[in-house]
Amino acid sequence: MVAFGKKLKQRQYPEWQRYYINYKLMKKNVRQYAQQIQGGTEDRRRVLKEFSRMLDYQIEKTVLFVLQEQGHLASRIEALGEERDALMQQLDIPRMQALREAYRSVGQDLLRLLHFVEINAIGLRKILKKFDKRIGYKITDYYVTTRSNHPYSQLQQVFKHVGIGAVVGALSRNLAEFQDHRGSYLSIYDQPVSALALQDPVIDEIKDAVERLTHSTNFLRFLGQHALIIQEDLPRPSEEYIEDQRYHFVSLLLNLVNTFLYMVNTYIIVPTADDYSISLGAAATLCGVVIGSMAFAQLISSVYFSAWSNRSYFRPLVFSSIVLFLGNLMYASAYDLHSLSILIVGRILCGLGSARAVNRRYISDCVPLKTRLQASAGFVSASALGMAAGPALAGILQINKSFFGITLNQSTLPGWVMAIAWLVYLLWLWISFKEPVRDYEDQAAEASNKAQKEEHTVEDGLTQPLLLSSQSAEKVLVEDGEQEADGSEESAEESRKPANSIVEAYKLLTAPVKVQLLIYFMLKYAMEILLSESSVVTAYYFHWGTSSVAIFLALLGLTVLPVNVVVGNYISNMFEDRQILFASEIFTCLGVLISFNVIFPYSVAQYVCGAFITFVSAEVLEGVNLSLLSKVMSSRLARGTYNGGLLSTEAGTLARVVADVTITLAGYLGQGLLLNVTLLPTMVIGIVSILATLSTYNSLF
């Protein structure tokens, strides 16, 4: 195998060789540091300080060169601009063509500069990981954290690309003027970027390169992290062509509608589940079993739907729609049949029709990289809207009539409405869905097995350009299956092999991943306790009816998107992910603490305040938690049946099942004790997750 240092040297531009980071020197120093520490002749702190200083020098050398080259490109564009102004008066077509080619030449040089940055990012990432492994000290956490938010940070200078953006803008404007010279007076600034369909190909190449290097936190990326659609690699252009061939917008829309309808189906019964249980002769607290039976079945369906999506997307969605149609029919019919068993079996069938694993997989496998982030955000938005629409719809369905022996009331109408919705969806699916061509995927999968992808180990948002953006260039460097000469890294084939069982997938979980899954379990448990018992608790303490509960739950659901806007656009740019994670855990526990009934009388203000703090904090926690989880998850869990998305789904679903069982069991103690008895384990799990976070991230502030 060819060592990375040799591959790095082969991909360098000779005239720029002295400006690249000196990977060979740093690798040699790491080896010496390791030997000295093992021999007891060096102190770890001094080694950390020396190596950090070396990194600072190497990065500064690279950054100053990038800024210098940006200045040269800007000077060339300025000179070409003066020549262009003169030619615009003369309309000399041959000279204008030559000038256009000169602008394109600047664009090609800019692409070379972007490639230079990518190569250095790869080397920096690899040497950080090598230091972590050989020295036994996580310098990656320390170094990037201390350098990321500092006003004089060289990392910020290179990875935020302010200067490069200005050069791209100047090139785009000038080339667009050449293209639109015959009669158009619109500037590129008069229309959105998406409308510039005829822009020069070199600009498209530059934009793709910048997109790989610009991975800063924003609203769409924050939403996309909720979906936990783990991105394996940034594809080569040929792979992007394959993705474009498989992409079908209506099919993506059908997946998002499936997500929306399923979330509506999940929460539409929450305001009335207690009344339905009472009407069938059971206790109101049996609503926990009625609601939780769907989540219990989802534990099973997530696995077989994930496996099924390896072969098809259309057939699982058809099966899901049919099962959900039948499940809702049984749920609605249980009232007239006066059968609690049929009610629960109907909800189990609904859970067995959960195709969220297929929805995630379709976005991951069939949506082109350039639109995958928006599709992931759409997945989360559809889920949030479904969570709000479900209870709101239940509040509207307040009639009590009977037709041909079929009772239509607030308890049965959710089942009938969802059965009709799934039938309409099935017809649309059958007519419009386009099954992707699987041959392309098999070829891409076979090709991707030749590449090696390292695990993400850094939590800070600014490290995403460092860790993720350079994978496209790294693919070129490692496509022959390169390994470190000392054999410290896994073989390329082994590192890309997906897990073949849930047990094997569990063995791939590192300590940080287990902590993130514990946090995910905690927040889902807290949210399920809050939502599922809301109808019983509010009826007991405040005598709320179905409409009041529906409005309350709908308002909770509607907070999801605004909260994500604030966190994604502002808070995540001010604090590190792990700091937001810790604060969200604290506020979630604070909301639970406020909700305890220790002051008599228990007021609406206290309950609503505690509920909103718990729910909003848990929503923020979910986004940040999944963001961190996607960074520390093994690359082997990015594909296959037993992937990271499946593991997180199983953890969250298990939490919902346990929460609903807790509600049912606590109901035997009486409705007066239900609230405190269910909140107590929520608080305990929250405290455990906080302690686990503190032990995993030693330095939070």
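Since the structure is predicted, the reported quantities are computational estimates derived from the model, not experimental observations.

A. Local environment of the packing of aromatic side chains. Throughout the structure, instances matching the rule amount to 30 aromatic pairs. For the pair Phe 305 and Trp 308, a centre-to-centre distance of 6.2 Å together with 20° between the ring planes defines the contact as stacked. Separated by three residues within a single helix, Phe 305 and Trp 308 lie in helix α13 (residues 287-308), roughly one turn from each other. Residue Phe 305 is classed as buried on the basis of its relative accessible area of 0%. Ring geometry for Phe 542 versus Trp 544: centroids 5.7 Å apart, planes at 45°, classification tilted. Phe 542 sits in the buried class, given a relative accessible area of 12%. The ring of Trp 16 has Arg 112 sitting right over it, with the charged end atom 4.7 Å from the ring centre. Positioned above the aromatic ring of Tyr 331, the side-chain terminus of Arg 347 is 6.0 Å from the ring centre.

B. Quick look at unusual backbone geometry. Phi is positive for His 338, close to 50°, though the residue is something other than glycine. Locating His 338 in the fold gives a position in the loop between α14 (314-337) and α15 (340-352). The class of His 338 is exposed, set by a relative accessible area of 53%. Here the phi dihedral of Phe 404 falls at roughly 50°; this positive angle occurs in a residue that is not glycine. Using a relative accessible area of 86% as the deciding quantity, one classes Phe 404 as exposed.

C. Seen up close, the nonpolar core. Counting 109 residues, the largest nonpolar core has Leu 429, Phe 433, Phe 615 and Leu 637 as the members making the most contacts within it. With 29 residues, the next largest nonpolar core counts Ile 77, Leu 87, Val 167 and Ile 206 among its residues.

D. Quick peek at empty space enclosed by the protein. Throughout the structure, instances matching the rule amount to 10 cavities of 30 Å³ or more. Roughly 390 Å³ of internal volume is contained in the largest cavity. Lining the largest cavity are 23 residues, and of these Met 263, Arg 356, Tyr 520, Lys 524 and Glu 622 lie nearest its centre. Among the secondary structure elements, those contributing two or more residues to the lining of the largest cavity are α11 (249-267), α16 (356-366), α17 (369-396), α24 (511-532), α29 (604-632) and α30 (644-667).

E. Structural detail: the packing of α13 against α14. Contact pair α13 / α14: the axes reach a minimum separation of 12 Å and the direction vectors enclose 165°. Here α13 is positioned roughly antiparallel relative to α14, judged by the angle of their axes. The two elements α13 and α14 cross, and the hand of that crossing is right-handed. Mapping the contact onto sequence places Val 290, Tyr 304, Phe 305 and Trp 308 in α13 and Arg 315, Pro 316, Phe 319, Ser 320 and Tyr 331 in α14. For the contact of α13 with α14, the residue count by class is seven nonpolar, one polar and one charged.

F. Focus on the confidence of the model for the protein chain. Averaged over all residues, the pLDDT of the protein chain equals 76, while 72% of them reach at least 70. Averaged pLDDT values for the elements of the protein chain fall to 37 in helix α20 (residues 463-467) and rise to 95 in helix α18 (residues 413-432). Segment residues 182-198 is flagged for pLDDT under 50; beyond a separation of four residues in sequence, or across chains, it makes 12 contacts in the model. In the predicted structure, residues 215-220 sits below a pLDDT of 50 and forms 20 contacts with residues beyond four places in sequence or in another chain.

G. Looking closely at the pattern of salt bridges. Summed over all chains, the structure comprises six salt bridges. Measuring nitrogen to oxygen at the nearest pair gives 2.5 Å for the salt bridge that ties Arg 76 to Asp 109. Of this pair, Arg 76 sits in helix α3 (residues 44-90) while Asp 109 sits in helix α4 (residues 93-135), and the two are 33 residues apart along the sequence. Residue classification places Asp 109 among the partly exposed positions, given a relative accessible area of 22%.

H. A look at α14. The end-to-end C-alpha separation of α14 is 34 Å, in line with the 34 Å expected for 24 residues at 1.5 Å each. Following α14 by one or two positions, His 338 adopts a phi angle in the positive range, close to 50°.

I. View of the environment of Lys 401. For Lys 401, the position within the fold is in strand β1 (residues 401-403). Looking at Lys 401, the relative accessible area reads 47%, which means it is partly exposed. Every residue in contact with Lys 401, bar those within four places of it in the chain, is listed here: Ile 406, Thr 407 and Leu 408.

J. Main features of α16. With respect to burial, α16 is a largely interior element, 11 of its 11 residues being buried. If you check which residues of α16 are buried, you get Arg 356, Ala 357, Val 358, Asn 359, Arg 360, Arg 361, Tyr 362, Ile 363, Ser 364, Asp 365 and Cys 366.

K. Spotlight on the side chain of Asn 258. With respect to the helices and strands, the residue Asn 258 is situated in helix α11. Of the residues examined, Asn 258 reaches a relative accessible area of 1% and is grouped as buried. In contact with Asn 258, not counting residues within four places along its chain, are Leu 317, Ser 320, Ala 355, Asn 359, Trp 422 and Tyr 425.

L. Broad picture of the environment of Arg 31. Within the secondary structure, Arg 31 is located in helix α2 (residues 23-39). Here Arg 31 falls in the partly exposed class, since its relative accessible area comes to 32%. The spacing of Arg 31 and Arg 134 is 103 residues in sequence and 7.4 Å in space, taken between C-alpha atoms.

M. Summary view of the packing of α24 against helix α31 (residues 671-696). Where α24 meets α31, the closest approach of the two axes is 9 Å, and the angle between their N-to-C directions is 155°. On the basis of their axis angle, the class for α24 and α31 is roughly antiparallel. Classified by chirality, the crossing of α31 by α24 is left-handed. Here Pro 512, Val 515, Leu 518, Ile 519, Phe 521, Met 522, Tyr 525, Ala 526 and Ile 529 of α24 come into contact with α31, specifically with Thr 678, Leu 679, Pro 681, Thr 682, Ile 685, Gly 686, Val 688, Ser 689, Ala 692, Thr 693 and Thr 696. In the contact of α24 with α31, the residues fall into 14 nonpolar, six polar and no charged.

Basis of the calculations
- Residues numbered from 1 in each chain as written.
- Predicted model: local features only at pLDDT ≥ 70, side-chain atom pairs only at ≥ 80, totals over all residues.
- Heavy atoms only, no water.
- Phe/Tyr/Trp six-rings, centres within 6.5 Å; stacked < 30°, edge-to-face > 60°.
- Helix = DSSP H or I, 4+ residues; strand = E, 2+ residues; numbered from the N terminus.
- Buried < 20%, exposed > 50% of the residue type's maximum accessible area, 1.4 Å probe, protein only.
- Lys NZ or Arg CZ within 6 Å of the ring centre and 35° of its normal.
- Core = buried A, V, L, I, M, F, W, Y, C linked by side-chain atoms within 4.5 Å.
- 1 Å grid on protein atoms, 1.4 Å probe; cavity = no way out; pocket = protein on both sides within 12 Å on 5 of 7 lines; lining within 4 Å.
- Points joined across faces, edges and corners; volume = space filled by probe spheres on them.
- Axes fitted to C-alpha atoms, helices over the stretch in contact; angles between N-to-C directions.
- Parallel < 35°, antiparallel > 145°, perpendicular 65-115°, else oblique.
- Left-handed = near helix turned anticlockwise from the far one by under 90°.
- Contact = heavy atoms within 4.5 Å.
- Nonpolar A, V, L, I, M, F, W, Y, C, P; charged D, E, K, R; others polar.
- pLDDT = per-residue confidence, 0-100.
- Salt bridge = Lys/Arg side-chain N within 4 Å of Asp/Glu carboxyl O.
- Expected span 1.5 Å × (residues − 1).

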